[in-house]
Amino acid sequence: MKHLIPEFERLKTRLPPGHDATLLVPCLRRIQEDRGFIDNSDIDGLVEYLGIPRIQIEEALSFYGMLRRKPIGRWHLQVCRNVSCSMRGAERLIDQLIGKLGVQPGETTPDGRFTLSTVECLGSCGTAPVVMVNEAYHENLSAADLDALLERLD
Amino acid sequence: MTGRKVLMDFEVTPTSHSLDDYRARGGYEALEKVLRTMKPREVTQEIVDSGLQGRGGAAFPAGRKWQGIDPDDGQPHYLIANADEGEPGTFKDRWVLEYTPHTLLESMLLSCYALGVRHCFVYIRGEYDLPWRRLDAAVEEAYAAGYFGENILGSDFSCDLFVFRGAGAYVCGEASSLLGSIEGTRAFPRNRPPRMTVRGLHQAPTVVNNVETLATIAWIIRNGASAFREVGTEKSPGTRLISISGHIARPGVYEVELGYSWARFLHEDCGGVLGGRPLKAVIPGGISSQVLTGKDAKVLTAGEVEGLTLDHEKLRSAGSSLGSGGMIVIAEGTCMVRLLQIMLRFYHHESCGQCTPCREGTGWMHRIIDRIVAGDGRPEDLERLNYIAGFNDGTTICGLGDAAGYAATAMLDNFREEFDYFIEHKRSKFAGNLE
């Protein structure tokens, strides 16, 4: 994570002085974006950089659903399964993905291409059902749209 | 046409989120006026006089919240815009962030001036990508134009803004909980008292307002509190952004003048129930608000004068609330047992685990409803759900556990025979249909 420290320093300029721990979640997000997951060495680096105890970082890591300690597939398919998406076909999309990819939610395909997850409300209820692929929302998805989307992700 | 507009008073174009477009529609004029001619307390008084109520869920008077802070007490104060929009069915703040982020930024500057805030934050939910990109670009534009930073527009007023992206936790939508997130710890809700305006972020007086609440401030300052009071009803001035989804022909975000006819909104503006099916129920303001049945909704279609209107006091008297503005329409033929299963799974998943009744209770309720849906329901299960909901109520720091219980009891009260049927026949009365 050391090469990211100049970026972290820039973030500090808009924060009240003396409250660097605010950067914990932003730093973890940035490290994950860079490496794909949070490694033990990243935690060591943040202990030193932010001057906070290791347990505080571990607690944050186990609290926030988007942070992960292990690598995942190249394409992370996160299907919303909350109320509005379920009312517009999310359960059929999940079944379609399980059938097509041969993995259950929480698993990665053996070739490392896809990780399938189910998530709670993504705030895309008016354009349900929604699948989040890495950072991008794909909304109003039909079965055919989903097939076409998978073709584009190599 | 859902009544008069406060936020959606411009045409959405591919550039309407830019600083140039915002300025062209009068943007940042309120800020210039305030910095030249108004004292901080006068800004707060204007918000008090406007009668603006919070748009995040609790509908607490925004001005009264602000009055909890003395701008001249010499200590640091903080303002946080709550953009952690996670209440199922709610996607209205996303509209502000994507289409007019400068409305939020100008409003935050006015609010920071009123409250004596030097450093403010937007806490945006971690999954929001486009809304964050639009907001982030707007912040950079605003800094470059001199609206943030030192001595804004040549005045003594200085203010910095930090956009804080969450990392996936529904509970952070609870105002005291997101403080922990910004402080670099687990985001556990905090007991009140002390109120956050007494001891909030970094132990300093803090105001946390919903995005829509804040975004309304610029309009109020530009047009005046009395102009705002002319919109909406006497007790619920202004408008609400309603995000509507589920079995509805035209889902989306609508700005609705408070007091607008609900029947007209559903059946005309939103095109009625999807596929022309009869209406079974409506969740009016996010799943943490009470479910209203089609029976109540029919009361409103019977006559607009006596029918329900969309405002805080009417829905409160009907035993529910406009809540987060996340309206979910449910058509006849939907299995309410499966729907409750989704809700209880959600609450169990999102319980932060701090308070025992919620951590354990949401798990118990989730397992009971799973058992019923699997065909293994027991006759005593429904009473047990009611019992767990009852002891959860009011025994936890935040409202998440309460909301899980309210969802269960509302569904059981209104659709009891569907649950009895499921347990007796070991299958759904509606073949488990959700669509």
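Cut-off values and rules
- Residues numbered from 1 in each chain as written.
- Chains lettered and ligands numbered in written order.
- Predicted model: local features only at pLDDT ≥ 70, side-chain atom pairs only at ≥ 80, totals over all residues.
- Contact = placed C-beta atoms within 7 Å.
- Helix = DSSP H or I, 4+ residues; strand = E, 2+ residues; numbered from the N terminus.
- Nonpolar A, V, L, I, M, F, W, Y, C, P; charged D, E, K, R; others polar.
- Core = buried A, V, L, I, M, F, W, Y, C linked by C-beta atoms within 7 Å.
- Buried ≥ 20, exposed ≤ 12 C-beta atoms within 10 Å, placed from the backbone.
- Domains from an automatic or database assignment.
- Expected span 1.5 Å × (residues − 1).
- Arc of directions from axis to C-beta.
- Pairing = 2+ DSSP bridges.
- Axes fitted to C-alpha atoms, helices over the stretch in contact; angles between N-to-C directions.

If you look at the interface, chain A gives 40 residues, while chain B gives 48 residues. Those elements that provide at least two residues to the side of chain A that touches chain B are helix H2 (24–35), helix H4 (54–63), helix H5 (83–86) and strand E4 (136–138) of chain A. Per-element tally for the side of chain A that touches chain B: the top contributor is H2(A), with five residues. Taken together, the residues of the side of chain A that touches chain B sort by class into 22 nonpolar, eleven polar and seven charged.

All names here are of chain B. Leu110, Tyr123 and Ala407 are the most contacted members of the largest nonpolar core, which has 171 residues in total. Ranked by residues supplied to this core, first place goes to helix H17 (residues 400–425) with eleven residues. The residues touching Ala407, leaving out its near neighbours within four places in the chain, are Ile287, Leu340, Met343 and Leu344.

Our focus in this paragraph is the domain arrangement of chain A. Each assigned domain of chain A is listed with its residue range as follows: domain 1 (2–63) and domain 2 (75–152). The centre of domain 1 of chain A, based on its C-alpha atoms, is set 30 Å off from the matching centre of domain 2 of chain A.

On to helix H6 (residues 101–115) of chain B, then. Helix length check: H6(B), at 15 residues, gives a terminal C-alpha distance of 21 Å against a target of 21 Å (1.5 Å per residue), a fit within 8%. Along H6(B), 15 of the 15 residues are buried, which leaves the element largely enclosed by surrounding structure.

For the rest of this paragraph, the subject is helix H2 (residues 29–37) of chain B. Residue and element names in this part refer to chain B. The set of residues buried in H2 consists of Ala30, Leu31 and Val34. All buried residues of H2 fall inside an arc of 100 degrees around its axis, so they share one side. Away from its buried face, by an angle of more than 90 degrees, H2 presents the exposed residues Arg36 and Thr37. At its buried positions, H2 is contacted by helix H3 (40–50), H6 and helix H9 (211–223).

It is worth spelling out the sheet that holds strand E1 (residues 78–83) of chain B at this point. Residues and elements named next belong to chain B. Across the sheet, which stays open at both edges, the four strands sit in the order E3-E2-E1-E4 with parallel pairing between neighbours. Single-partner strands in this sheet number two, and they are strand E3 (160–165) and strand E4 (206–210). Averaged over all pairs of adjacent strands, the angle between strand axes in this sheet comes to 20 degrees, irrespective of strand direction. Note: E1 against E4, five bridges, orientation parallel. Along E4, the bridge assignment pairs Tyr78 with Thr206. Packed onto the sheet, H9 meets E1 and E4 and runs at close to 95 degrees relative to E4.

With that settled, consider the pairing of strand E2 (residues 114–119) of chain A. Residue and element names in this part refer to chain A. Counting buried residues along E2, five of its six residues qualify, which places the element largely inside the surrounding structure. In terms of strand pairing, strand E1 (residues 75–80) meets E2 through six bridges, oriented parallel. Of the residues in E2, the one forming a bridge with Cys80 is Val119.

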